[in-house]
Every structure is written in structure tokens, then in C-alpha cells.
Amino acid sequence: MSTSSPAHAARLVRACDADRPYDSSVTGYTLVVARAPGSRRALAVRKRRPSWQAGRLNFPGGHIEAGETPRECVARELREETGVEAPLEAFRPVAHVCRPGGFEMYVFALEHPDVERAQALTDEPLEFVHVDTLSAMPMNEALENLCWLHGLAFDGFSKFATVVYD
């Protein structure tokens, strides 16, 4: 199975474990595609940093800390950024994105009623984005991965896979 973004071709290559303590020799991040059950609106963050994301929408997430599993990290990041608390088992692993140079991103899906009550707890504002508008958003408004990551999270893709950018 293949998927692509405008900048890269990628291939899904293997299943992966979202609950394994993280190997800190690689730069690791998490990201969550979150929405309330049955909603067509995904929670997004209007980023202020890093500079290459400034002013653009991305899904909540952040850096995996030493000793954390990717699932623990994504739950912590969502709680710290939005106040939304959900049980660890509610975070469904979707993808493990690898890029050359030791960068890894673990992507999770979350459907939880508290997502609708999210509040910005940092200086980065939150927005709800209707999923039907994601593919039409210009790249200066949103990161190009939002559309295909939402599709992986909620359009029937049920296995945790690794995406390797060549």
C-alpha cells in the first residue's frame, strides 16, 4: 500500500509498537488527530513554533521524553496543550512516520467527548477544522500532512504502520 504527500513518496512497510519505551537516540515526536465521537471537526493548533510551522495549523503533539512510550507522550502533550484528558487506551496508533536523519513521528487517533471542550493552555491558539476543508487549505494555512493523516486516522485504516520517506 502506498500513500503520498505533495513533497514525498512514502511506503507502508511494517507494523510497530506504540507502547514500547522510546529509543532516545532518535528524535521522536507524537501527533494526535483528535475529534469528538461522530464529529467531522478535527482539533488543530495554530503553531507559533518551530519557525517553519509558524502561522500554520498542525495537530496537537510534541517531543517524546526519556522513558516515555509514544502513547504516554501523546496523552501528556494533548493534556498540556488543550486540557483534554483521555485514558491511554483511547489513543489508537495509526502511523509511524520515519524520515532520513533520525526523525520519527508517531501518529494517533482519538475520538473522545472532551475534545469539544478543548482550551488552549499555551500561547498557541486552538481551532476546529472541518475535515472536508482540509484538502483545500493552502500550504501557508496548514501543514500538508493534515489531510492524509486525518484520512489514515478516521477513514477505515485500522493497523499501525510505518511510513518511510525515501
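Residues numbered from 1 in each chain as written. Predicted model: local features only at pLDDT ≥ 70, side-chain atom pairs only at ≥ 80, totals over all residues. Heavy atoms only, no water.

K.L.:
Sorry if this is basic, but what is going on with the pairing of strand β4 (residues 41-46) here?
P.N.:
In regular strands, side chains alternate between the two faces of the sheet. By the criterion of burial, β4 is predominantly enclosed, with five of the six residues buried. Bridge count for β4 against strand β9 (residues 126-130) is five bridges, and the pairing is antiparallel. In the strand pairing of β9, V45 is matched with L126. Taken together, the two bridges between β4 and strand β5 (residues 57-58) define a ladder with antiparallel strand orientation. Within the sheet, the bridge partner assigned to R46 lies in β5 and is L57. (Buried < 20%, exposed > 50% of the residue type's maximum accessible area, 1.4 Å probe, protein only. Helix = DSSP H or I, 4+ residues; strand = E, 2+ residues; numbered from the N terminus. Pairing = 2+ DSSP bridges.)

K.L.:
What is the right way to look at unusual backbone geometry in this model?
P.N.:
The step from R49 to P50 runs through a cis peptide bond, and the omega angle for that step is -5 degrees. When you line up the elements, P50 lands in the loop between β4 and β5.

K.L.:
I'm lost on the layout of surface pockets in this one. Help?
P.N.:
Any empty space left between atoms is shown by rolling a water-sized probe over those atoms. What the largest pocket holds in volume is close to 620 Å³. As for the largest pocket, its lining consists of 31 residues, of which W52, Q53, N58, F103 and M105 are closest to the centre. Among the residues making up the lining of the largest pocket, the classes are represented as 15 nonpolar, nine polar and seven charged. (1 Å grid on protein atoms, 1.4 Å probe; cavity = no way out; pocket = protein on both sides within 12 Å on 5 of 7 lines; lining within 4 Å. Points joined across faces, edges and corners; volume = space filled by probe spheres on them. Nonpolar A, V, L, I, M, F, W, Y, C, P; charged D, E, K, R; others polar.)

K.L.:
Help me understand the pattern of salt bridges, please; the structure alone is not making it clear to me.
P.N.:
Pairing is possible between side chains of opposite charge, provided their charged atoms come close. In this structure the tally under the stated criterion is twelve salt bridges. The partner of D123 in a salt bridge is R49, with the nearest N and O atoms 2.8 Å apart. You can see D123 sitting in the loop between β8 (103-111) and β9 and its partner R49 sitting in the loop between β4 and β5, a full 74 residues away along the chain. R117 is paired through a salt bridge with D114; the nearest N and O atoms lie 2.3 Å apart. In the salt-bridge network here, residues are joined through shared partners; they are E65, E68, R76, E77 and E80. (Salt bridge = Lys/Arg side-chain N within 4 Å of Asp/Glu carboxyl O.)

K.L.:
So what exactly am I meant to see when it comes to the side chain of T82 here?
P.N.:
On the secondary structure map, T82 appears in helix α1 (residues 70-82). A distance of 3.1 Å separates the side chain of T82 from the backbone nitrogen of V84, its partner in a polar contact. Once you skip the residues sitting within four places of it in the chain, T82 turns out to touch L43, A118, Q119, L121 and L126. (Polar contact = N/O pair within 3.5 Å; in protein donor to acceptor, adjacent residues only side chain to side chain. Contact = heavy atoms within 4.5 Å.)

K.L.:
Honestly, helix α2 (residues 145-154) in this entry has me stumped. Any pointers?
P.N.:
Two residues of an α-helix separated by three or four positions point the same way, owing to the 3.6 residues in each turn. Within α2, nine of the ten residues are buried, which leaves the element mostly enclosed by the surrounding structure. Within α2, burial applies to N145, L146, W148, L149, H150, G151, L152, A153 and F154.

K.L.:
Any chance you could explain the sheet that holds β9 here in plain terms?
P.N.:
For sheets, the rule is that strands pair by backbone hydrogen bonds, running either parallel or antiparallel. In spatial order, the strands read β5-β4-β9; together these three strands make up an open sheet with antiparallel pairing. This sheet does not close on itself; its edge strands, each paired only once, are β5 and β9.

K.L.:
How should I be thinking about the environment of D19 in this particular structure?
P.N.:
Relative to the helices and strands, D19 is located in the loop between β2 (9-15) and β3 (27-35). When the C-alpha positions of D19 and P93 are compared, they lie 9.4 Å apart, and in sequence the two are 74 residues distant. Excluding its chain neighbours within four sequence positions, the residues that come into contact with D19 are T69 and R71.

K.L.:
Could you clarify how one ought to interpret the environment of A66 in this entry?
P.N.:
The residue A66 is located in the loop between β6 (61-63) and α1 in this model. When its relative accessible area of 72% is taken as the criterion, A66 is described as exposed. Sequence separation of A66 and Y22 is 44 residues, and the distance between their C-alpha atoms is 7.1 Å.

K.L.:
Can you help me understand the nonpolar core in this one?
P.N.:
Soluble, globular proteins show a tendency: their nonpolar side chains are buried together. V33, F59, V94, V107, L146 and L149 are the most contacted members of the largest nonpolar core, which has 23 residues in total. Put simply, the parts of the chain that give this core at least two residues each are β3, β4, β7 (92-99), β8 and α2. Excluding its chain neighbours within four sequence positions, the residues that come into contact with V33 are F59, V107, F108, A109, L110, L149, H150, A153 and F154. Ranked by size, the runner-up nonpolar core spans 19 residues in total, among them Y22, L43, V74 and Y106. (Core = buried A, V, L, I, M, F, W, Y, C linked by side-chain atoms within 4.5 Å.)

Read these as layout, nothing more, since geometry by itself doesn't imply function.
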